[in-house]
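# Structural features, examined
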Amino acid sequence: MIPAEFDYVAPETLDDAIAALGDGDREAKLLAGGHSLLPLMKVRLAAPELLVDLRRVPGMRGVQREDGTLRIGALTRHADLQGDASLGIWSIAAAQIADQQVRNRGTIGGSLAHGDSASDLPTVLVATEGTVTLRGAGGATRDVGADELFQDYLTTAVGEGEVLTEVRVPALEGWGAAYEKFTRRAEDWAMVGVCALVRRGDDGTCADVRIGLTNMGSTPLRARAAEDALRGQSLSAEAIARAADAAAEGTEPPADLNASADYKRHLARVLTRRALEKALA
Ligand SMILES: Cc1cc2nc3c(=O)[nH]c(=O)nc-3n(C[C@H](O)[C@H](O)[C@H](O)COP(=O)(O)OP(=O)(O)OC[C@H]3O[C@@H](n4cnc5c(N)ncnc54)[C@H](O)[C@@H]3O)c2cc1C
């Protein structure tokens, strides 16, 4: 439970942080909220030689609204999202992450860069079809969409020497939103989670729908078959139940200590129905 020895710096600018990451041959890691990295270091599944703490870098925390887009700084904490109901699904999902202590420290950038498929915010990014901005050496920046960011379990497109600086997502005004999460104990990680976003058309049918799945594979997934089954259809209880039945199609969830793959598929179907109903309520 004691990490291997490491050096620590806390630069005051983003460029200095990026420079520190690429400084020498040492394995360097960024530190944001520390609530994924430090537990790994304590059990020595990670042993970086240098920690580059982002906490003094200005301008990376908070949310701005611009022409229907939310721009969320990477150092925005789960508690910041939780506390702002106008952020819709981000606020709803952030409120369900762990306990208040974790939410007070953990950041959106850390959660997305870490890429744990049992985490809640990656699923929201996939469902909202958001984009992250990555900045590397020499000020080079690139934008990466949610469909390319999550590559495998704990593997993302964030390169060594890059900092995830910002998250950009459509505000999805007029959409109903819900996040349903099943846990064995209160405040636990998701056994399965479902993010549902639904836009009701003027005629009362489903104009559009997006469904994201947490912990149903090595990355967050979209339940495309369920979306296709509901889009353009009536939003009756029967139509929602039919669509939810397709939620696990094409998924291969890993069995773990809490649940078999079949039980996770069952949860995905049940939680999708509940999330769709809640999003429409
Ligand atoms: C007891 C406990 C329960 C938890 N339960 C949940 C849960 O139910 N749901 C959930 O979603 N999460 C859960 N978490 C994880 C929590 O949300 C983490 O805070 C989050 O996943 C990581 O964010 P962080 O800011 O703490 O990142 P850190 O731990 O600081 O960093 C994580 C990784 O991302 C990298 N990184 C951090 N910031 C950046 C950046 N800006 N650019 C590039 N790379 C970066 C780091 O180098 C590191 O590799 C839990 C954590 C704990 C300790």
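Reading guide: rules and limits
- In this convention, every chain numbers its residues from 1, walking through the sequence in written order.
- Note on the predicted model: pLDDT of at least 70 is required for a residue's local features to be given, and 80 or more for side-chain atom pairs to be given and counted; whole-chain, interface and lining totals, by contrast, use all residues.
- Just so you know, side-chain values use all the structure's heavy atoms and leave hydrogens and water out.
- The definition of a nonpolar core used throughout is a set of buried Ala, Val, Leu, Ile, Met, Phe, Trp, Tyr and Cys residues joined through side-chain atoms within 4.5 Å.
- Residue exposure (1.4 Å probe, protein chains only): buried if accessible area is under 20% of the type maximum, exposed if over 50%, otherwise partly exposed.
- Only protein atoms enter the 1 Å grid used here, on which a cavity is any set of points holding a 1.4 Å probe that cannot leave and a pocket is any open set flanked by protein within 12 Å on both sides along at least five of seven lines; residues with an atom within 4 Å of a point are listed as lining.
- Grid points are joined across faces, edges and corners, and a volume is the space filled by probe spheres set on the points.
- Here the nonpolar group is Ala, Val, Leu, Ile, Met, Phe, Trp, Tyr, Cys and Pro; Asp, Glu, Lys and Arg are the charged ones; every other residue, Gly included, is treated as polar.
- One requirement defines pairing of two strands: DSSP has to find at least two bridges between them.
- Helix and strand labels come from DSSP, where a helix needs a run of H or I of at least four residues and a strand needs a run of E of at least two; each type is numbered from the N terminus.
- Consider the strands pointing away from the viewer: the crossover is right-handed when the path from the first strand over the helix to the second runs clockwise.
- Note on contacts: a residue pair is in contact if any heavy atoms of the two residues lie within 4.5 Å.
- Whenever a helix is involved, its axis is fitted only over the stretch in contact; in every case the axis is a line through C-alpha atoms, and angles between N-to-C directions fall within 0 to 180 degrees.
- Working definition: residue near molecule or strand if any one of its non-hydrogen atoms lies within 4 Å of it.
- We call two N or O atoms a polar contact when they sit within 3.5 Å, provided that within protein one can donate a hydrogen and the other can accept it, with sequence-adjacent residues counted only if both atoms are side-chain atoms.
- The accessible surface values rely on the Shrake-Rupley method and a 1.4 Å probe; as for residues, cover is taken only from the protein chains in view.
- By convention in these notes, a salt bridge is any Lys or Arg side-chain nitrogen within 4 Å of a carboxyl oxygen on Asp or Glu.
- Expected helix span is taken as 1.5 Å per residue step, with the number of steps being one fewer than the number of residues.

This brings us to the nonpolar core. Membership of the largest hydrophobic core comes to 46 residues, with the highest contact counts inside it found for Trp 90, Leu 112, Leu 125, Val 132 and Val 167. Residues Ala 178, Ala 196, Val 209 and Leu 280 belong to the second largest nonpolar core, which totals 29 residues.

With that out of the way, let us pick up the layout of surface pockets. Considering only enclosed or pocket space, the second largest pocket measures out at about 280 Å³ in volume. Trp 189, Ala 190, Asn 215, Asp 256 and Asn 258 are, among the 15 residues lining the second largest pocket, the residues nearest its centre. Residues that form the lining of the second largest pocket fall into these classes: 6 nonpolar, 4 polar and 5 charged.

With 4 bridges joining them, strand 2 (residues 28-31) and strand 3 (residues 50-53) adopt parallel strand pairing. Each bridged residue has a counterpart across the sheet, and for Ala 28 the counterpart in strand 3 is Leu 50. What joins strand 2 to strand 3 is helix 2 (residues 37-42), and the crossover it makes is right-handed.

A word on the sheet that holds strand 14 (residues 221-222). Reading across from one edge, 11-12-13-14 is the order of the 4 strands in this open sheet, with antiparallel pairing throughout. The sheet terminates laterally at strand 11 (176-182) and strand 14, the two strands that pair on one side only. Seen against the sheet, helix 7 (residues 121-128) touches strand 12 (192-200), strand 13 (206-214) and strand 14 and runs at an angle of roughly 155° to strand 13.

We now examine the site of the ligand. Around the ligand, the surrounding shell holds 30 residues, and the nearest of these are Leu 30, Gly 34, Leu 37, Thr 107 and Asp 120. Within the backbone of Ser 111, an N or O atom sits 3.4 Å from an oxygen atom of the ligand. With respect to the ligand, the side chain of Asp 120 contributes an N or O atom lying 2.7 Å from a nitrogen atom. Notes on the ligand: free accessible area 970 Å², of which the protein chains cover 90%. Within the residue set of the shell around the ligand, elements represented by two or more residues are strand 2, helix 6 (108-114) and strand 10 (163-170). Sorting elements by how many residues they give to the shell around the ligand places helix 6 first, with 4 residues.

Another point: the sheet that holds strand 1 (residues 7-9). Spatially, 3 strands are ordered 1-3-2 in an open sheet, and the strand pairing comes out parallel. If you trace the sheet from one side to the other, it starts and ends with strand 1 and strand 2, each paired once. Here the strands of the sheet are splayed against their neighbours by 25° on average, with no regard to which way each runs. Alignment of strand 1 against strand 3, held across 3 bridges, turns out to be parallel. Across the sheet, Val 9 pairs through a bridge with Val 52, a residue of strand 3.

As a further point, take the pattern of salt bridges. One side chain can pair with another of opposite charge once the charged atoms of both are near each other. Within this structure, the stated rule accounts for 22 salt bridges. The partner of Asp 15 in a salt bridge is Arg 135, and the shortest N-O contact between them spans 2.8 Å. One end of the pair, Asp 15, is in helix 1 (residues 14-21); the other, Arg 135, is in strand 6 (residues 131-135), and 120 residues separate them in sequence. Residue classification places Asp 15 among the partly exposed positions, given a relative accessible area of 43%.

Residue placement: Val 57 occurs in the loop between strand 3 and strand 4 (63-66). Residues Val 57 and Ala 17 lie 40 residues apart in sequence; the distance between their C-alpha atoms is 8.1 Å. With residues near it in sequence (within four places) discarded, Val 57 still touches Pro 11, Glu 12, Thr 13, Leu 14, Ala 17 and Leu 75.

With 20 residues, helix 11 (residues 261-280) extends 29 Å from end C-alpha to end C-alpha; this agrees with the ideal 28 Å at 1.5 Å per step. Among all positions in helix 11, only Ala 261, Lys 264, Leu 267, Ala 268, Val 270, Leu 271, Thr 272, Ala 275, Leu 276, Ala 279 and Leu 280 are buried. Looking at the buried positions of helix 11, the neighbouring elements they touch are strand 11, strand 12, strand 13, helix 9 (224-230) and helix 10 (237-244).

Attention now goes to the side chain of Asn 215. Considering the arrangement of structural elements, one finds Asn 215 in the loop between strand 13 and strand 14. Polar side-chain contacts of Asn 215 include one of 3.1 Å to the backbone oxygen of Met 191. If we skip the residues at most four places from it in the chain, Asn 215 touches Ser 117, Ala 118, Ala 190, Met 191, Val 192, Pro 253, Asp 256 and Lys 264.

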